[in-house]
Amino acid sequence: MKLTKEEYKKMKDRAILNFGKADYRLFFSPSRINIIGEHIDYNGGNVLPCAIEIGTYALVKPAVRDVIRLRSYNAQYYKEVLIGSEFNPNNKWINYTLGMINAISESGYEVGGLEGIIYGNIPTGAGLSSSASLEILIGKIINDLYNNSEISMKDLAVLGMKTENDFIGLNSGIMDQFAIAMGSSGSAILLKTGTLDYEYVDADLGDSVLVILNTNKGRRLVDSKYNERRAECESALVKLKPKFEIENLCDLTEENLEDALSVLDLENERRRVRHAVTENARVQKAIEAIKNSNMEALGNLLNESHYSLKYDYEVTGDHLDAITAAARKAGAFGARMTGAGFGGCGIALVKKDELDEFKKTAGRLYKEETGLEVDFYETVIGSGPCELEVERWEY
Ligand code: GLA
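Rules behind the numbers
- Residues numbered from 1 in each chain as written.
- Predicted model: local features only at pLDDT ≥ 70, side-chain atom pairs only at ≥ 80, totals over all residues.
- Heavy atoms only, no water.
- Core = buried A, V, L, I, M, F, W, Y, C linked by side-chain atoms within 4.5 Å.
- Buried < 20%, exposed > 50% of the residue type's maximum accessible area, 1.4 Å probe, protein only.
- Domains from an automatic or database assignment.
- Contact = heavy atoms within 4.5 Å.
- Near = heavy atom within 4 Å.
- Polar contact = N/O pair within 3.5 Å; in protein donor to acceptor, adjacent residues only side chain to side chain.
- Nonpolar A, V, L, I, M, F, W, Y, C, P; charged D, E, K, R; others polar.
- Disulfide = S-S within 2.5 Å.
- Phe/Tyr/Trp six-rings, centres within 6.5 Å; stacked < 30°, edge-to-face > 60°.
- Helix = DSSP H or I, 4+ residues; strand = E, 2+ residues; numbered from the N terminus.
- Salt bridge = Lys/Arg side-chain N within 4 Å of Asp/Glu carboxyl O.
- Pairing = 2+ DSSP bridges.
- Axes fitted to C-alpha atoms, helices over the stretch in contact; angles between N-to-C directions.

### Examining the nonpolar core
Stage number 1. Ranked by size, the top nonpolar core spans 73 residues in total, and within it L48, L240 and V273 carry the most contacts.
Stage number 2. Shared between two domains, this core holds at least three residues of each, these being domain 1 (5-202 + 381-393) and domain 2 (208-378).
Stage number 3. Not counting the four nearest positions on each side in its chain, V273 is found in contact with A236, L240, L249, L252, L257, L261 and L264.
Stage number 4. Judged by nonpolar contacts, the second largest core, of 29 residues, contains M100, I118, F167 and I168.

Below, the structure is given as structure tokens:
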């Protein structure tokens, strides 16, 4: 879903109307799916996300003073904020912009004002990380406009996470920002969140494709439940550390898992730890399955991941359960929720030549169960943020 000439023209007209004629620059930042390794990026686990070609665009120019004036093309929403100002819930999505610019400034880099139009083709509230897409987009713009691109993409990812944690108040891990900032066309990223070491994994799925399944059920309670899960993991870790030589829950292995569980007195903590350890092991198995072109094995791992997130981590919810069940019945090798959960999107591994039939059947089954339609998007694994040439559209 690349920007079309028509969409560009609309952004440009809107920019001129709001901010006058100028040499606007066009930037893009992708969104992400996570193939596997869910809710373990804050437990030192390995995760396997990838950037996808759906994302956020900005047509911007520097502003003279330290002011951010942006209009969302989608929401027809205009906001003006001063760099350095505090989080304000009324500022809605501009908070991600402000938080990111503040974080860049606090780490000693140059920042400056921005004026322009933001346009995204990420389905809203779908859990494909529109917030991280916006943070990294703004990071890329500030980097290119005010810092000669000196800030590394890895550092921008860290600053994006800092924005979520310290400015927005979501204690997220770094997976989303990292996947978006470091995205590489055709590759998933094996990110070791304990060290931030990473490697690209060729995500060639042969005759199969990962399909994004949008439940069209907005995510509910995601921030509070997310922070609650993280706190449960931290409390389990405090109890386990004196008995095991570990820094993070994912330093435990499937071999010492039972011993670890016997130390924990609370059932919910035992479940969270079981999820973290088994999910971490599944990531490695999934990489093997991809390397061996074994789609049955990969599909089974996606299913196991979903069940672990449903029963042990308790973050799926009726709609994600229904859509993944429908996908399995419709012939997918496997399916799971992706992202934080509590609504949003799932992914399914499907044979390319069965795609049309799959969509029909999965869509029908899901509608029978929930009354809602499914939106399907084929995953195209794209690269990280970039500036786009606009000359070809300017005649
Ligand atoms: C959200 C967070 C990520 C990660 C996922 C769950 O997307 O932003 O850091 O924890 O949930 O895997």
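### Observations concerning the site of the ligand
Stage number 1. Near the ligand the following residues occur: R32, E38, H39, D41, Y42, S172, G173, M175, D176, Y226, G339 and A340.
Stage number 2. For the ligand, an oxygen atom lies 2.7 Å from a polar atom in the backbone of H39.
Stage number 3. Its residues assigned to classes, the shell around the ligand shows four nonpolar, four polar and four charged.
Stage number 4. For the shell around the ligand, the domains that each give at least three residues are domain 1 (5-202 + 381-393) and domain 2 (208-378).

### Topic: the state of the cysteines
Linking two cysteines covalently through their sulfur atoms gives a disulfide.
Stage number 1. Applying the stated criterion across every chain, the model contains zero disulfides.
Stage number 2. Unpaired in this structure, C345 has its nearest cysteine sulfur neighbour in C50, at a distance of 13 Å.

### Re the packing of aromatic side chains
Stage number 1. By the definition in use, this model includes nine aromatic pairs.
Stage number 2. Measuring from centroid to centroid gives 6.3 Å for F19 and Y78, while their planes differ by 35°, and the two rings are tilted. Of this pair, F19 sits in helix α1 (residues 5-19) while Y78 is found in strand β4 (residues 77-82), placing the two residues 59 residues apart along the sequence.
Stage number 3. Of the aromatic side chains, those joined through ring pairs into one cluster are F28, Y57, Y73 and Y119.

### Overview of the domain arrangement of the protein
Stage number 1. In terms of domains, the protein is made up of domain 1 (5-202 + 381-393) and domain 2 (208-378).
Stage number 2. The gap between the C-alpha centroids of domain 1 and domain 2 is 26 Å.
Stage number 3. Each partner contributes to the interface: domain 1 provides 33 residues, whereas domain 2 provides 38 residues.
Stage number 4. In this assembly, domain 1 and domain 2 are joined by one salt bridge.
Stage number 5. Note that E38 and R336 form a salt bridge whose closest N and O atoms lie 2.7 Å from each other.
Stage number 6. The interface formed by domain 1 and domain 2 holds 18 residue pairs in polar contact (both at pLDDT 80 or more) in total.
Stage number 7. Elements with a minimum of two residues in the side of domain 1 that touches domain 2: β1 (25-36), β2 (46-63) and β7 (197-202).

### Remarks on the sheet that holds strand β11 (residues 375-378)
Stage number 1. Strand order in this open sheet of four strands is β9-β10-β8-β11, and the pairing throughout is antiparallel. The sheet is open, and its two borders are formed by β9 (334-337) and β11, each paired with just one other strand. Across the sheet, the axes of successive neighbouring strands diverge by a mean angle of 25°, strand direction being ignored.
Stage number 2. Strand direction decides the pairing type here: strand β8 (residues 208-214) and β11, joined by four bridges, are antiparallel. By the bridge assignment, V211 is partnered in β11 with E378.
Stage number 3. In this fold helix α10 (residues 318-329) packs onto β8, β9 and β10 (345-351), with an angle of close to 170° to the strand it touches most, β9.

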